[in-house]
Every structure is written in structure tokens, then in C-alpha cells.
Amino acid sequence: ENKFSKMKPKILVTGGTGYIGSHTVVELQEAGYDVVVVDDLSNSSIDVLDSIKKITGVKPDFEQFNLADYGKTEDFFSRNKNIGAIIHFAASKAVGESVNIPLHYYRNNLVSLMNILGCQKKYNIDNIVFSSSCTVYGQPDKLPVTEKTPRKDAESPYGNTKRVNEDILEDTIKANPDINGIALRYFNPIGAH
């Protein structure tokens, strides 16, 4: 009998007030999951929580901070021990901007995932979904792209953070077989409620 057979686990959605994150929160809530959102609101608005409530009838729990801050991240996990899975969307995401301020992208995107994975192991959270990007394919030699298409050198710091984060995730899972993880590589996500 699995430990969640009597109740669905709470899902942490980082970047949950962003575009893909907010739509994912809606889908999770409509499927009966309790959701907690962590977002620093650097690329989104707190008003999104009200929009989620309009659609689902439930306003998700919310905490505002940057996951690249280990102290705040660890404090969050120490207070939220009922999380069963993490969906990690929080990242700086503009390709062009990343060329101009690469250190911001590396610091924010790499450190946040490393902080999450460290806390995931410390607090025995088994599952993580990582929001990656089609940028890891570079300019593909053949279309359509499939999961078997080889990754190429990134063409921007943003793309490189996604590539390196996939490697960090893979290495962490190899070292910790109790962690299940997957990277989702998006092209142009679109949808509306």
C-alpha cells in the first residue's frame, strides 16, 4: 500500500504564478491535489492566484521568495513536510536577456535547482518534474525532434542553464535511486482557460 493511498500528496509548484506554472496549478487542483506555490514574482503577478481561484474555486497556498536563497528554501521545506512531489518551473527564461546578463541566469537557474534537489533529498521527497526547454536541441539536424534527438551545445546562457540542469538532475537521480525525476522539454507552450 503506498503512503499516499488515503490522501493525495501536496504538490510544490515553483514558478506557479508564471504562464506554464499557473496552468499546471489549475490542472493539479482540478485533479484534487493540494498545491503550494513558491514564486519570487520577478516575472509574474500575485493577481494570478486570484485567477486560479476563479477557475478552480481554490486559492493555492503561496510563499514569495527566490529559491536560489538556500536559507529560505531550506526553511520552506522544513515547514512543509507533507510535499509528495515538486514541479520546478521557476527560472529566468528570456534567451536574449540571458546573453546580456549571463551570471544572473547561471546563479538563478542553477542554484535554485541545486537547492531544491538538496532539500528534496534531506526531506525525502521522491518525485520531481523539471521544466527544461527545446533549446537543449540547438538547431536540430532532423525534424521532427523526438526524445532520441541528440542535445547540442546551447546557443545562449539560458539554453545552457537548461542543459546543465538536466545533467545535474540526471546525476542526482543516479546517486539517489529513491528520487524519480523527469525533464520536460517545451517548444512553444500555448493554452488558455
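For the structure itself, look to the data block above.
As the structure is a prediction and not an experimental result, all values here were calculated from the model.

Calculation notes
Residues numbered from 1 in each chain as written. Predicted model: local features only at pLDDT ≥ 70, side-chain atom pairs only at ≥ 80, totals over all residues. Heavy atoms only, no water. Helix = DSSP H or I, 4+ residues; strand = E, 2+ residues; numbered from the N terminus. Axes fitted to C-alpha atoms, helices over the stretch in contact; angles between N-to-C directions. Parallel < 35°, antiparallel > 145°, perpendicular 65-115°, else oblique. Left-handed = near helix turned anticlockwise from the far one by under 90°. Contact = heavy atoms within 4.5 Å. Nonpolar A, V, L, I, M, F, W, Y, C, P; charged D, E, K, R; others polar. Salt bridge = Lys/Arg side-chain N within 4 Å of Asp/Glu carboxyl O. Pairing = 2+ DSSP bridges. Buried < 20%, exposed > 50% of the residue type's maximum accessible area, 1.4 Å probe, protein only. Polar contact = N/O pair within 3.5 Å; in protein donor to acceptor, adjacent residues only side chain to side chain.

1. Structural notes on unusual backbone geometry
When glycine is set aside, most residues are seen to have a negative phi, and most peptide bonds are trans. In this chain, Leu143 is followed by Pro144 through a cis amide linkage whose omega measures 0°. Positionally, Pro144 belongs in the loop between strand E5 (127–131) and helix H6 (157–175). Here the phi dihedral of Leu41 falls at roughly 60°; this positive angle occurs in a residue that is not glycine. Structurally, Leu41 is set in the loop between strand E2 (35–38) and helix H2 (47–56). If you check the backbone angles, Asn124 has positive phi at about 55° while not being a glycine. Position of Asn124 among the secondary structure elements: in the loop between helix H5 (102–122) and E5.

2. Concerning the packing of helix H3 (residues 70–79) against H5
Where H3 contacts H5, the axes come no closer than 10 Å and their chain directions differ by 30°. With respect to H5, the element H3 is oriented roughly parallel. Considering only the axes of H3 and H5, their crossing is right-handed. Counted together, Tyr70, Thr73, Glu74 and Phe77 of H3 and Asn115, Cys119 and Lys122 of H5 form the full contact between these two elements. Among the residues forming the contact of H3 with H5, the class breakdown is three nonpolar, two polar and two charged.

3. Thoughts on the pattern of salt bridges
Counted by the stated rule, this structure contains 10 salt bridges. Between Lys59 and Asp50 there is a salt bridge; the shortest N-O distance is 3.1 Å. When the shortest N-O distance is used, the salt bridge between Glu170 and Lys174 registers 3.5 Å. Taken together, the residues span about one helical turn, with Glu170 and Lys174 both in helix H6 at a distance of four residues.

4. Focus: the sheet that holds E2
Hydrogen bonds along the backbone pair up the strands of a sheet, which may run parallel or antiparallel. Pairing is parallel across the open sheet formed by six strands, whose spatial order is E3-E2-E1-E4-E5-E6. Every other strand in the sheet has two partners, leaving strand E3 (61–63) and strand E6 (180–184) as the edge strands with one partner each. In this sheet, neighbouring strand axes are inclined to one another by 20° on average, regardless of whether the strands run parallel or antiparallel. Contacts from H6 reach E5 and E6 within the one sheet, and its direction differs from that of E5 by about 165°.

5. Overview of the side chain of His88
In this structure, His88 sits in strand E4 (residues 83–88). Here His88 falls in the buried class, since its relative accessible area comes to 2%. Separated by 2.6 Å, the side chains of His88 and Thr14 make a polar contact. The contacts of His88, once residues within four sequence positions are left out, are Thr14, Leu67, Ser112, Leu113, Ile116, Val129, Phe130 and Ser131.

6. Re the environment of Ser131
Among the secondary structure elements, Ser131 is positioned in strand E5. Look at Ser131 and you get buried, because its relative accessible area is 7%. It is 11 Å that separates the C-alpha atoms of Ser131 and Arg163, two residues lying 32 residues apart in sequence. Contact partners of Ser131, with chain neighbours within four places excluded, come to His88, Phe89, Lys162, Leu184 and Tyr186.

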